[in-house]
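Observations on the model geometry
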Amino acid sequence: MRIFFVSNAGLVFVGLAVLLLAFFALWERNRMVHTGYEIERVNREIKLLRRTHQDLSAEREALSGLGRIDWIARERLGMALPSKKDQRLLQDQDEKDLP
Amino acid sequence: MKKTFHEGRTRLRILGVAIGFSFGLVIIRLAALQGIEAPHWVRKAAREHERTFEVQGERGKIYDRNGQPLAVNVEVPSVFAVPSLISDPEATARKLASLFQEDRRLLLQRLKTGREFVWIHRKADPERVGAFSLNRTPGLGILMESQRVYPKQLLLGQTLGFADTDNRGLEGVELRYDAQLQGERGRLIFEQDARGLLVFPKNLAYHLPSGGKNIYLTVDERIQYVSERELDRAMESTRAKAGLVITMDPRTGELLSLAVRPQFNPNARDSHLPSQWRNRPITDLYEPGSTFKIVAAAAALEEGAVRPDELIFCENGRMNLAGKTLHDHTPSLWLSFEDVVAKSSNIGIAKVAARLGPDRLMRYISGFGFGEKTGIDLPGEAQGKIRALSEWSERSLATIAIGQEVGVTPIQMISAMAAIANGGLLLTPHVMRLIADEQGQGIYSASPQVRRRVVSEETARKLTRILERVVERGGTGERAAIPGYPVAGKTGTAQKFDPVTGTYSADRFVSSFVGFIPADFPKVVILVLIDEPQGANKFGGSVAAPVFRSIGEEVLQQLGAPPRGRSPVVFARAALGSP
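Read on for a plain summary of the structure. Here the structure is a predicted model, which means the values were calculated and not measured. (Residues numbered from 1 in each chain as written. Chains lettered and ligands numbered in written order. Predicted model: local features only at pLDDT ≥ 70, side-chain atom pairs only at ≥ 80, totals over all residues.)

1. What to know about the packing of helix α9 (residues 221-238) of chain B against helix α19 (residues 545-558) of chain B
Residue and element names in this part refer to chain B. Between α9 and α19, whose axes approach to 10 Å, the crossing angle comes to 165°. By the criterion of interaxial angle, the relationship of α9 to α19 is roughly antiparallel. Between α9 and α19 the crossing geometry is right-handed. Here Arg222, Ile223, Val226, Ser227, Glu230, Leu231 and Ala234 of α9 come into contact with α19, specifically with Val547, Ser550, Ile551, Glu554, Val555 and Gln558. Residue composition of the contact of α9 with α19, grouped by class: seven nonpolar, three polar and three charged. (Axes fitted to C-alpha atoms, helices over the stretch in contact; angles between N-to-C directions. Helix = DSSP H or I, 4+ residues; strand = E, 2+ residues; numbered from the N terminus. Parallel < 35°, antiparallel > 145°, perpendicular 65-115°, else oblique. Left-handed = near helix turned anticlockwise from the far one by under 90°. Contact = placed C-beta atoms within 7 Å. Nonpolar A, V, L, I, M, F, W, Y, C, P; charged D, E, K, R; others polar.)

Next comes the structure, spelled out in structure tokens:
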């Protein structure tokens, strides 16, 4: 009778332990899947931001083209190149190679 | 009763055997599935649950020498289809054709192919694709792809070249440095759920893509802009057919600008003819005319065949040469050799060439790099056309010395002038300055490559002084003079050869000017070439020399060379953190 009781309790204990482990594994898997979804969402966001950054950088470069700046300065703002009299030449004292 | 009992036991046995047999079958099948057929089913499951992505590393960027981006990447949508999932190919083709302005029949053909994947429209306008996304149809999808963009539009178009839809370089720097610019492909394996959402990377052993190397060019965006702007102005005022400007640092062989017209925008290469994306400074030959006289002049000085102040009889502008008459633009009787060059006397140069003889002249022509490729790091370079001595006629010695009967590339011409400017060394011109990794760390930097010494430093100095006379009052290139700077250069006005009549055209010219500044301490060599200028005055001194001056003035400011007679405001750099 005692052996029977011990055996049954042991079996129940082992069964519960297996069940617990199974639940733990399932929980872990579930967490992993959710973390995976979260990572994918963040990756998508990074890609989107990166794409936006690329687009904006290309746009900035196009807008800062010298031809465009020259045109705006002359045509819209009525600017002109300074005459020789109005120019001040700056020379770095470290520039030894100039005659 | 007994009989019934026996019948019942028999039935139970039959049932037991049947159940046992069925279980046996299940166990055998299970063993087959788990053992023999396992690899097949594992593969099939992987196909269902795994998605493998081939990821192309980002193509390297191209910058100018100051780090200004000239070629970058943006991501744009490409539309694809899985034809087996499209229920109504006709309607889908109709919708896509109107959206992307493509041929409906071609699209329908693609949708009806038995293939699992077909491209509908690659690298499409994001706005159009946005409209399409709203009416998403099963079987159609979008993939983001990297596209090359040239943010400065026309600037340096022919030299940058372009890349194709698959980001492979096809022309210019994009082609020459394609191996360095290309990134490495990577492979990522993902597990996906029933809805097709990605769950997690399969394992950590995936191979990450690596981006291509960045290329820093020797070209300066500001000098390039000035070159193109001034070339455009000259083209407009002369209504010329074509034109180009090259600027080069004579001390290193670095090209600072390469302006070519007609213009080419690599962002819209389909709207240009192939002739427009040709990089004419290195692919096209022209007869240089009088600019080529620097070769005979250098040879004569180096060989001691003439002294700079030696008087030469110039036959009052007309000289018989093997039955034909050789003319000078301005008739003269006696001219010093300096004035022969300054006034670009054909007769004077022909007489000096006669003193040299064909062998020596040919040696210097080859020495200056004509008739061979310069080795510039751009694709499609022509080697020029210099006939072998055995093919020379009685007139060839004189006509070649004055720049006829030869085909040279503009890059050869400017390299030869750079050799005079730097004291006699022929350098390899180049456009690549630095190759750097994604973090900006330099991997390879170009250094000046000396091909050979062509003349002594003394000869180069003497010739420089003579070339300064060209730009002084009375010289053919006086309109190239820049106040405050000594300028050395040579004009050229070459009649174009008409292959139909077999003679030189009377009204089609190539006008050019090549020179360097400051003459006593050269910082830049500039070649201006205007092809078929219209109008009354077509001489290099009238058409090309003013362009040289305009560009030279601004380039010298960019390079920080102060004019003579004006004291610059000298400043010192304060150390960081100093009060």
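2. Description of the sheet that holds strand β20 (residues 503-517) of chain B
Residues and elements named next belong to chain B. Read across the sheet, five strands follow the order β10-β9-β21-β20-β19 without closing on themselves; strand pairing throughout is antiparallel. At either end of the open sheet lies a strand with only one pairing partner, and these are β10 (255-261) and β19 (488-498). In this sheet, neighbouring strand axes are inclined to one another by 10° on average, regardless of whether the strands run parallel or antiparallel. Bridge count for β19 against β20 is 10 bridges, and the pairing is antiparallel. Bridge pairing in β20 links glycine 489 to glycine 515. Strand contacts of helix α16 (residues 410-421): β9 (242-248), β20 and β21 (524-531), with the helix running at about 150° to β21, the strand carrying the most contacts. Running at roughly 145° to β21, α19 makes contact with β9, β19, β20 and β21 of the sheet. (Pairing = 2+ DSSP bridges.)

3. A short note on unusual backbone geometry
All names here are of chain B. The residue after arginine 261, namely proline 262, is reached through a cis peptide bond having omega 10°. Structurally, the position occupied by proline 262 is in the loop between β10 and α10 (274-277). Along the chain, isoleucine 517 connects to proline 518 via a cis peptide bond; the corresponding omega equals -20°. On the secondary structure map, proline 518 appears in the loop between β20 and β21.

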